[in-house]
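# Structural overview for review
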Amino acid sequence: MWIPVAGLPLRLRLSALAGAGRFCILGSGAATRKHLPARNRRGLADSSPQLLPEPDFRNPPRKASRSSLDFKRYVTDRRLAETLAQIVCGKPNRPPHLLLECNPGPGILTEALLEAGATVVALESDKTFIPHLESLGKNRDGKLRVIHCDFFRIDPRSGGAIKPPAMSSEGLFKNLGVEEVPWTAGVPLKVFGMFPSRSEKRALWKLAHDLYSCTSIYRFGRIEINMFIGEKEFQKLMADPRNPSLYYVLSVVWQVACEIKVLHMEPWSSFDVYTRSGRLENTKRKEVLELLQQNLYLIQMTPRRNLFANSLTPMNYNTFFHLLKHCFGRRSATVMDHLRSLTPLDAADILMQIGKKEDEKVVNMYPEDFKRLFETIESSEDCTYKWLYDDTLEDM
């Protein structure tokens, strides 16, 4: 079964379990090739979809020791902090959102956010910063709360007991008095911080799964993410058919899910870098020098109110992800070739319904085209089964 059941709300969990092993998700069906009537088997490609491995959120990459690669970036320049606070908090006359600040460290930006009128919850993973951060909240009328927590370790998928700085979203939000709101309601709160410098893609994948499944922080509504991201990952995230060499699965996943805005660009050198042993003084290391030549982009990712307005749902999103992974696995192929391996439906008819030609290439499809493609297949009534998969996938 491709959908993660453990983190689902009860009302979704039962539906997912009911479809286990049959790939039936909220009414969408799938069949192995041997189960297809003969009339549906004609014209299908010989290749069959292979389930690509989901990203492993539990084990970090082991290309080098953690001590040599792990570092955090902090805002220590007051002028930059004031600029960022004005950007994130918006106009003074707007009602302030509750703001979760990820790993504020020395608290320079925290002070600027408070002075801009924000109500801040500082989620700090390093205990050494907590006493100083708590001192910033004095005489602030409860505008600052400090919690020992790593935002990127909320609801970890490793299983077992959750120990700080990891934390469950349910416990955190209950402690903050944040309640679930409908997806179509307004933004309940904002998150501000920086993606982990060495695991940006991992963090993006975890958040994407949480968003599409409406679990973890997104169980409480359309949480707005404001994060600094590295230049290379930013270019990939914003890519589309106009820059095909950078265009990949996460580009589609996030552009379909969110309205993405670039709020600010800042050179990497504007931030202080800290490793586990303290401030990084030696900037002559090759890996640091390469980063210092790049920019960081502050992006705002607001989930779309109409994301689940049609056939895409929190119960079948994994099928959508699989379609994307299958297509970008052979990005030079035509969409027609992929559809013949993915669905028993008439591929030419599906493409015609979304206004695409039979020779349409994968890299020429915009993110919204992929969403319309998926929803057209999901809503089709031409066949009992919508999707194909190998017998081996059932065991997996």
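Residues numbered from 1 in each chain as written. Predicted model: local features only at pLDDT ≥ 70, side-chain atom pairs only at ≥ 80, totals over all residues. Heavy atoms only, no water.

The next subject is the overall build of the protein. Within the protein one finds 16 helices and twelve strands. A total of about 19,200 Å² of accessible surface is found on the protein, and carbon and sulfur atoms cover 48% of it. (Helix = DSSP H or I, 4+ residues; strand = E, 2+ residues; numbered from the N terminus. Areas by Shrake-Rupley, 256 points an atom, 1.4 Å probe, with all protein chains shown as cover.)

One pass over the full model with this rule turns up eleven salt bridges. Where Arg219 meets Glu170, a salt bridge forms, and the shortest distance between an N and an O atom there is 3.9 Å. With Arg219 in the loop between helix H8 (200-213) and strand E7 (224-230) and Glu170 in helix H7 (residues 169-176), this residue pair connects regions lying 49 residues apart in the sequence. The class for Arg219 is partly exposed, based on a relative accessible area of 29%. A residue is classified by how much of its surface remains accessible, and Glu170, at 48% relative accessible area, is partly exposed. Glu224 is the salt-bridge partner of Lys190, the closest N and O atoms lying 3.7 Å from each other. Of the two residues, Lys190 is situated in strand E6 (residues 189-194) and Glu224 in strand E7; the sequence distance between them amounts to 34 residues. (Salt bridge = Lys/Arg side-chain N within 4 Å of Asp/Glu carboxyl O. Buried < 20%, exposed > 50% of the residue type's maximum accessible area, 1.4 Å probe, protein only.)

Along the chain, Glu378 falls in helix H15 (residues 367-379). No salt bridge is formed by the buried Glu378, whose closest oppositely charged neighbour, Lys386, lies at an N-O distance of 5.5 Å. A polar contact of 2.7 Å, which involves the side chain of Glu378, links it to the side chain of Trp387. (Lys, Arg positive; Asp, Glu negative; His and termini not counted. Polar contact = N/O pair within 3.5 Å; in protein donor to acceptor, adjacent residues only side chain to side chain.)

This part is about the packing of aromatic side chains. This model, assessed by the stated rule, comprises 17 aromatic pairs. An angle of 20° between the planes, with centres 4.4 Å apart, marks the rings of Phe173 and Phe220 as stacked. Here Phe220 lies in the loop between H8 and E7 and Phe173 lies in helix H7, a separation of 47 residues in the sequence. Each member of the pair, Phe173 as well as Phe220, carries the same accessibility label: buried. Centroid distance Phe328 to Phe370: 5.6 Å. Interplanar angle 40°. Geometry classified as tilted. Pair noted here: Phe328 is in helix H12 (residues 317-329) and Phe370 is in helix H15, with a separation of 42 residues, a long-range link. By the burial criterion, Phe328 is buried, and Phe370 matches it. The ring of Tyr248 carries the charged tip of Lys236 above its face, separated from the ring centre by 5.9 Å. One residue, Lys325, lies across the ring of Trp205, its end atom 5.0 Å from the ring centre. (Phe/Tyr/Trp six-rings, centres within 6.5 Å; stacked < 30°, edge-to-face > 60°. Lys NZ or Arg CZ within 6 Å of the ring centre and 35° of its normal.)

Another point: a negative patch on the surface. Taken together, the side chains of Asp346, Glu358, Asp359, Glu381 and Asp382 present a region of like negative charge at the surface. Turning to its location among the elements, Glu381 is positioned in the loop between H15 and strand E12 (387-388). (Patch = residues over 30% accessible without salt bridge, like charges linked within 9 Å, V, L, I, M, F, W, Y side chains within 5 Å. Charge placed at Lys NZ, Arg CZ, Asp CG, Glu CD.)

What follows covers H15. Helix length check: H15, at 13 residues, gives a terminal C-alpha distance of 19 Å against a target of 18 Å (1.5 Å per residue), a fit within 8%. Residues Pro367, Asp369, Phe370, Lys371, Leu373, Phe374, Glu375, Thr376, Ile377 and Glu378 constitute the buried set of H15. At its buried positions, H15 is contacted by helix H10 (249-257), H12, helix H13 (335-342), helix H14 (347-353) and E12. (Expected span 1.5 Å × (residues − 1). Contact = heavy atoms within 4.5 Å.)

The next subject is the UniProt feature "binding site: S-adenosyl-L-methionine" (unreviewed entry) in the protein. Taking the numbering used here, the UniProt-annotated feature "binding site: S-adenosyl-L-methionine" (unreviewed entry) corresponds to Val75, Glu124 and Asp150. One can find Val75 in the loop between strand E2 (72-74) and helix H4 (78-89). With sequence-adjacent residues up to four places away left out, Val75 is seen in contact with Leu80, Ala81, Leu84, Pro106, Ile108, Leu109, Met194 and Phe271. Tracing the sequence through the fold places Asp150 in the loop between strand E5 (144-148) and H7. A relative accessible area of 13% means that Asp150 is categorised as buried. (UniProt positions renumbered as here; feature names shortened; annotations may be inferred.)

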